[in-house]
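Summary of structural features
What follows is each chain in one-letter form.
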Amino acid sequence: GVTFRTKAAAISNGGRTAEFQGVALNAGPYVAVYPRELVVSNNNNETVTLNVPKEQTYRENSFAKGANISAAMWEGTEATFWSVAGSLRLRLNGYNTIRKITVIDNDPSFALWGECTLLYSASGITASWANEAEDRNRLVLTCGEDITLNQSSTVDFYFAVPEGAFAKGYTCELYNANDEL
């Protein structure tokens, strides 16, 4: 595929619009995925396969860099990106130190990570997830540095998750600096 890039000066409208630069190889239609690093195969402008990792990294007040997958399809000069994943925000307070958080979908067959296939069609973009790993229903958020909670304020932890996640509920495991629950 071709990479189109933007610069900070080309982003406007509160981060809602941006001008990208690049050279298209054919007349389109075009498809795009953010982040490009997750793309495993893109044989045509109808299907893109991504490899979504099991582990995300804590980022203050946001998702991990590259975790919130977006996709677009267009002909011409304008594209609109849609979120491929949903989100889970955990708002925590207390007296613990957090090193890692694991969320577990209570449906053991639900894939929270692994292969995500994006199907582009005239009616829009659909995503399907596949993973045969035994722990496919577990997603891990690691903190580069320990996060210390306190009772008087909250800390938000964000996970990007597939649409439909947690329909049967979820379990959350918090690990401290010693990797203990």
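Below or above, wherever it landed, is the structure these notes cover. Note on numbering: residues in each chain are counted from 1, in written sequence order. Only residues with pLDDT of 70 or above have their local features reported here, since the model is predicted, and side-chain atom pairs are shown and tallied only from 80 upward, although totals for entire chains, interfaces and linings are computed over all residues. Only hydrogens and water are removed before side-chain values are computed, so all heavy atoms of the structure are retained for them.

Considering the overall build of the protein chain
Helix and strand assignments come from DSSP, with helices taken as H or I runs of at least 4 residues and strands as E runs of at least 2, each series counted from the N terminus. The number of helices and strands found in the protein chain is zero helices and 15 strands. Burial classes follow relative accessibility: with a 1.4 Å probe on protein chains only, a residue under 20% of its type's maximum area counts as buried, one over 50% as exposed, and anything between as partly exposed. Buried residues in the protein chain amount to 36% of all 181 residues. When checking whether two residues touch, look at their non-hydrogen atoms; a contact exists if any pair is within 4.5 Å. By sequence separation, contacts in the protein chain at least 24 residues apart represent 67% of the contacts at least 6 residues apart. To measure how exposed things are, a 1.4 Å probe is used in the Shrake-Rupley method; for residues, cover is taken only from the protein chains shown. Within the structure as shown, the protein chain displays about 11200 Å² of accessible surface, and the carbon and sulfur contribution to it stands at 46%.

What to know about the sheet that holds strand S5 (residues 47-52)
To summarise the sheet geometry, strands pair through backbone hydrogen bonds and adopt either a parallel or an antiparallel arrangement. In this scheme, strands are said to pair when DSSP sees at least two bridges between them. If you walk across this open sheet you meet the four strands as S4-S5-S11-S12, and the pairing is antiparallel. For this open sheet the edge positions go to strand S4 (39-41) and strand S12 (124-130), each flanked by a neighbour on one side alone. Across the sheet, the mean angle separating the axes of adjacent strands is 30° when strand polarity is ignored. Here two bridges tie S4 to S5, and the two strands are oriented antiparallel to one another. Pairing of valine 39 across the sheet is with leucine 50, part of S5. Fitted lines through C-alpha atoms give the axes, limited to the stretch in contact for helices. The angle between two N-to-C directions lies from 0 to 180 degrees.

Some remarks on the pairing of strand S11 (residues 114-121)
When S5 meets S11, the two strands line up antiparallel, connected through six bridges. The residue of S11 that forms the bridge with threonine 47 is leucine 119. In terms of strand pairing, S11 meets S12 through seven bridges, oriented antiparallel. Within S12, the position partnered with threonine 117 by the bridge is serine 128. Where S11 folds back onto S12 in an antiparallel hairpin, the turn is made up of two residues.

Describing the packing of aromatic side chains
Aromatic pairing here means that ring centres of Phe, Tyr or Trp (its six-membered ring) are within 6.5 Å. Orientation follows from the plane angle: under 30 degrees is stacked, over 60 is edge-to-face, and everything else is tilted. Following the criterion strictly, the structure yields three aromatic pairs and no others. On the numbers, 5.8 Å between centres and 55° between planes, the contact of phenylalanine 63 with tyrosine 158 is tilted. Of this pair, phenylalanine 63 sits in the loop between strand S6 (55-57) and strand S7 (70-74) while tyrosine 158 sits in strand S14 (residues 155-162), placing them 95 residues apart in sequence. Each member of the pair, phenylalanine 63 as well as tyrosine 158, carries the same accessibility label: buried. Consider the rings of phenylalanine 166 and tyrosine 170, whose centres lie 4.9 Å apart with planes at 50°: the pair is tilted. The partly exposed category is assigned to tyrosine 170, whose relative accessible area is 36%. Two limits define a charge over a ring: the Lys NZ or Arg CZ must be within 6 Å of the ring centre, and within 35 degrees of the ring normal. Looking at lysine 100, its charged tip hangs above the ring of tyrosine 175, at a distance of 4.6 Å from the centre.

Everything listed here is a matter of geometry and, on its own, says nothing about what the molecule does.
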